[in-house]
Amino acid sequence: MGISMGPNQYGKAEVRIVTVDRSTPRHSIKDLNVSSALRGDLDAVHLTGDNGNCLPTDTQKNTVYAFAKQEPIGEIEDFALRLGKHFVSTADGITGARILIDEYNWQRIPVEGTGHDHSFSRANDEKRTTAVTIDGDRAHVVSGMKDLVVLKSTGSEFWGYPKDQYTTLAETNDRILATAVTARWRYLSTDVDWGKSFESIRATMLEAFATTHSLALQQSLYEMGKAALEKHPELAEVRLSLPNKHHFLVDLSPFGLENDNEVFFAADRPYGLIEGTVRRDDVEDAPMAWYSLAEF
Ligand SMILES: O=c1[nH]c(=O)c2[nH]c(=O)[nH]c2[nH]1
């Protein structure tokens, strides 16, 4: 029975880096979580511990810091592309790289109506994300967002589902629909205005969430992905992961009170988890694995 080394990658996970642009008194900051992973001719390090092709993860971390100093970070996609291309060109035997970046959402603190020059607040948990894959001389970009929490106080129903001996859920034609949107979209090329594309896709998906009269969170998922694809020819597909943040009607009858869809208990777990891909029929499947090996 033969045994061999299967797919592998290695790198530095979660390099937390904050940069301050001090070129004017009106500072701007970037707050990122960067993970790199390299692939290539790495059989020897696994089979015999020969580190000849193994660019240390410590060097990968240092490269993130040095690159941040040498040139403005810019859009996370551009920073990830620069890093990935560098790793593939700097070390013999490294032929591929995967750079993941999450960007935290800082905003200026308003003071007397305008944003302060050097004071910021982190508005919420929302993150902008990118996953860049370098495969030889090809580059692929999958960007997205994580943990964008949204809620509709009406315009959501759920009924008509199969019932068996374990069903207790009551059908409803008016419920709260809430979720934390995690979305990833795959670009067809790297010739993209990343910031503009991100803002528009985000706004488009939010608008679809708001305006879809939802008969199921699954339907909202599809409408959100479809709206993004219709408006953005630069996208091949959109993947969404939507936890159903259940809001249960509180029984106020013990107190002789009616509850006309006004008082809810917000449960944090368990939650439904609705996930899916919305794609264009006329494009090929992703030419690379989308995520780190640990995901999916
Ligand atoms: O939008 C929903 N989709 C489901 O699949 C589901 N299942 C459930 O219990 N509630 C809901 N809501």
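Residues numbered from 1 in each chain as written. Predicted model: local features only at pLDDT ≥ 70, side-chain atom pairs only at ≥ 80, totals over all residues. Heavy atoms only, no water.

Participant: Help me understand unusual backbone geometry in this model?
Facilitator: For residues besides glycine, phi is generally negative; the peptide bonds are generally trans as well. Here R269 and P270 are connected by a cis peptide whose omega angle stands at -5 degrees. Position of P270 relative to the elements: it lies in the loop between β9 (264-266) and β10 (272-279). Non-glycine residue E14 carries a positive phi angle of around 60 degrees. By the secondary structure assignment, E14 is in the segment before β1 (15-21). (Helix = DSSP H or I, 4+ residues; strand = E, 2+ residues; numbered from the N terminus.)

Participant: Sorry, what's going on with the sheet that holds strand β4 (residues 114-135) here?
Facilitator: Spatially, 8 strands are ordered β1-β2-β3-β4-β5-β6-β7-β10 in an open sheet, and the strand pairing comes out antiparallel. Two strands lie at the open edges of the sheet, namely β1 and β10, each paired on one side alone. Across the sheet, the axes of successive neighbouring strands diverge by a mean angle of 20 degrees, strand direction being ignored. With 9 bridges joining them, β4 and strand β5 (residues 138-152) adopt antiparallel strand pairing. Among the inter-strand pairings, T130 is bridged to a residue of β5, identified as S143. Across the sheet, helix α2 (residues 57-70) touches β1 and β2 (28-40), and the angle it forms with β1 is around 10 degrees. Of the strands in this sheet, β6 (177-187), β7 (235-244) and β10 are in contact with helix α5 (residues 217-231), which crosses β7 at around 155 degrees. (Pairing = 2+ DSSP bridges. Axes fitted to C-alpha atoms, helices over the stretch in contact; angles between N-to-C directions. Contact = heavy atoms within 4.5 Å.)

Participant: Sorry, what's going on with the site of the ligand here?
Facilitator: The local shell around the ligand consists of F158, L169, R175, A216, L217, Q218 and N244. Contact distances for the ligand include 2.8 Å between an oxygen atom and a side-chain N or O atom of R175. Between L217 and the ligand, the recorded distance is 2.7 Å, taken from a backbone N or O atom to an oxygen atom. In isolation the ligand has 290 Å² of accessible area, and contact with the protein removes 72% of it. (Near = heavy atom within 4 Å. Polar contact = N/O pair within 3.5 Å; in protein donor to acceptor, adjacent residues only side chain to side chain. Areas by Shrake-Rupley, 256 points an atom, 1.4 Å probe, with all protein chains shown as cover.)

Participant: It is not clear to me how the environment of T63 should be interpreted in this structure. Could you clarify?
Facilitator: Secondary-structure assignment places T63 in helix α2. Distance from T63 to L83, taken between C-alpha atoms, is 7.8 Å for residues 20 residues apart in sequence.

Participant: Which parts of the structure should I look at to understand the pairing of β1?
Facilitator: Pairing of β1 with β2 involves 7 bridges; the strand directions are antiparallel. Considered in β2, the bridge of R16 is made with N33.

Participant: Can you walk me through the pattern of salt bridges in this structure?
Facilitator: Opposite charge on two side chains permits pairing when their charged atoms draw close. This structure, assessed with the given rule, holds 17 salt bridges. A salt bridge links E75 to R128, with the shortest nitrogen-to-oxygen separation between them at 2.8 Å. Separated by 53 residues along the polypeptide, E75 in the loop between α2 and α3 (76-90) and R128 in strand β4 bring together distant segments of the chain. Relative accessible area serves as the criterion here: at 26%, E75 is assigned to the partly exposed category. In this structure, E171 and K163 form a salt bridge, with 2.7 Å as the shortest nitrogen-oxygen distance. For E171, a relative accessible area of 42% translates into the label partly exposed. Look at K163 and you get partly exposed, because its relative accessible area is 49%. Members of the salt-bridge network, linked through shared partners, are E75, E77 and R128. (Salt bridge = Lys/Arg side-chain N within 4 Å of Asp/Glu carboxyl O. Buried < 20%, exposed > 50% of the residue type's maximum accessible area, 1.4 Å probe, protein only.)

Participant: For this particular structure, what's the right way to read the nonpolar core?
Facilitator: Considering soluble globular proteins, one finds that nonpolar side chains tend to be buried as a cluster. In this structure, V34, F79, V181, W185, M205 and L240 are the most contacted members of the largest nonpolar core, which totals 54 residues. If one sorts the elements of this core by residue count, α3 sits on top with 7 residues. Domain assignment of the residues forming this core places at least three in each of domain 1 (8-136) and domain 2 (144-289). Here M205 is in contact with M145, A183, W185, M224, A228, V238 and L240, once residues within four sequence places are set aside. (Core = buried A, V, L, I, M, F, W, Y, C linked by side-chain atoms within 4.5 Å. Domains from an automatic or database assignment.)

Participant: Please explain α3 as it appears in this structure.
Facilitator: In an α-helix, one turn spans 3.6 residues, which is why side chains three or four residues apart end up on the same side. The end-to-end C-alpha distance of α3 is 21 Å, a good match for the 21 Å that 15 residues give at a rise of 1.5 Å each. Taken together, the buried positions of α3 are I76, E77, F79, A80, L81, L83, G84, F87 and V88. Residues of α3 that are buried in the fold lie against β2, α2, β3 (94-111), β4, β5 and α4 (194-211). (Expected span 1.5 Å × (residues − 1).)

Participant: Explanation requested: the packing of aromatic side chains in the structure shown.
Facilitator: Both the distance between ring centres and the angle between the ring planes are used here to describe each pair of aromatic rings. Within this structure, the stated rule accounts for 3 aromatic pairs. Ring geometry for F158 and Y161: centres 4.9 Å apart, planes at 20 degrees, overall stacked. Given the relative accessible area of 25%, F158 is considered partly exposed. (Phe/Tyr/Trp six-rings, centres within 6.5 Å; stacked < 30°, edge-to-face > 60°.)

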